[in-house]
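# Per-entry structural report
Residue strings, one per chain:
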Amino acid sequence: MTKNDLIGRLRIAVVIGSVRRPRLADPLAAWLERELAAIDWLDLDLIDLATAALPMHDLLPGGGAASPISGRLADADGFVLLVPEYNHSFPAPLKNAIDWHFTEWAYKPVGFVGYGASGGIRAVEQLRTVFPELRATTVRESVLIPMAWEHLDAAGAFVPPPGTTRALHAMMGELRTWAGALRPLRLTDPAGRP
């Protein structure tokens, strides 16, 4: 019996955390989509917060019932957050999307692809303190892309610097391990409550 037989296919949602227009997230998301689509154990769902239309108000504790992405987040076995660093932190729309949901994150792993002048490290580290409150776990491996704008070709496509693709696949391997291990917890306690 192989690892694939034990874990099976996993649904991984990539959440694009920037809503700016124009934005560097677009070529990075296209690169992520190409790389992840080639992985045989996952089903990919790309969730773009720029099109999610989550209000910044009327949020009740425990998430918002009217969320247009709640079902997609709930169906995911794990997450990859494509997160820019703005002013030494992560963007407000991403925090809003996190706060609009609660049980959707529970007992699931979260990986990060950060970008910015310093590779998004401060945004990623701050997010690592947020997700445990939602009973989610963050994976150790991450992808940090300093000055990603310097790695666009003439057509505007992202050309990953050396080691970036290898780091992505290392992170995805860890995400897969955690998603498979946490799946039984979600089946016994889908609400993520004690």
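Here goes a summary of the coordinates provided. (Residues numbered from 1 in each chain as written. Predicted model: local features only at pLDDT ≥ 70, side-chain atom pairs only at ≥ 80, totals over all residues. Heavy atoms only, no water.)

### A closer look at the packing of helix H2 (residues 25-37) against helix H6 (residues 164-188)
Contact pair H2 / H6: the axes reach a minimum separation of 11 Å and the direction vectors enclose 60°. Between H2 and H6, the crossing angle belongs to the class labelled oblique. By crossing handedness, the relation of H2 to H6 is classed as right-handed. Across from Trp31, Leu32, Glu35 and Leu36 in H2, the residues of H6 making contact are Thr164, Thr165, Leu168, His169 and Met172. By residue class, the composition of the contact of H2 with H6 is five nonpolar, three polar and one charged. (Axes fitted to C-alpha atoms, helices over the stretch in contact; angles between N-to-C directions. Helix = DSSP H or I, 4+ residues; strand = E, 2+ residues; numbered from the N terminus. Parallel < 35°, antiparallel > 145°, perpendicular 65-115°, else oblique. Left-handed = near helix turned anticlockwise from the far one by under 90°. Contact = heavy atoms within 4.5 Å. Nonpolar A, V, L, I, M, F, W, Y, C, P; charged D, E, K, R; others polar.)

### Concerning the side chain of serine 18
Following the sequence through the fold, serine 18 ends up in the loop between strand S1 (10-16) and H2. The class of serine 18 is buried, set by a relative accessible area of 1%. Here the side chain of serine 18 touches arginine 20 through a polar contact of 3.3 Å, landing on its backbone nitrogen. Here serine 18 is in contact with Arg23, Ala25, Asp48, Ala50, Leu82, Pro84, Tyr86 and Tyr115, once residues within four sequence places are set aside. (Buried < 20%, exposed > 50% of the residue type's maximum accessible area, 1.4 Å probe, protein only. Polar contact = N/O pair within 3.5 Å; in protein donor to acceptor, adjacent residues only side chain to side chain.)

Bear in mind that shape data such as this cannot, by itself, settle questions of function.
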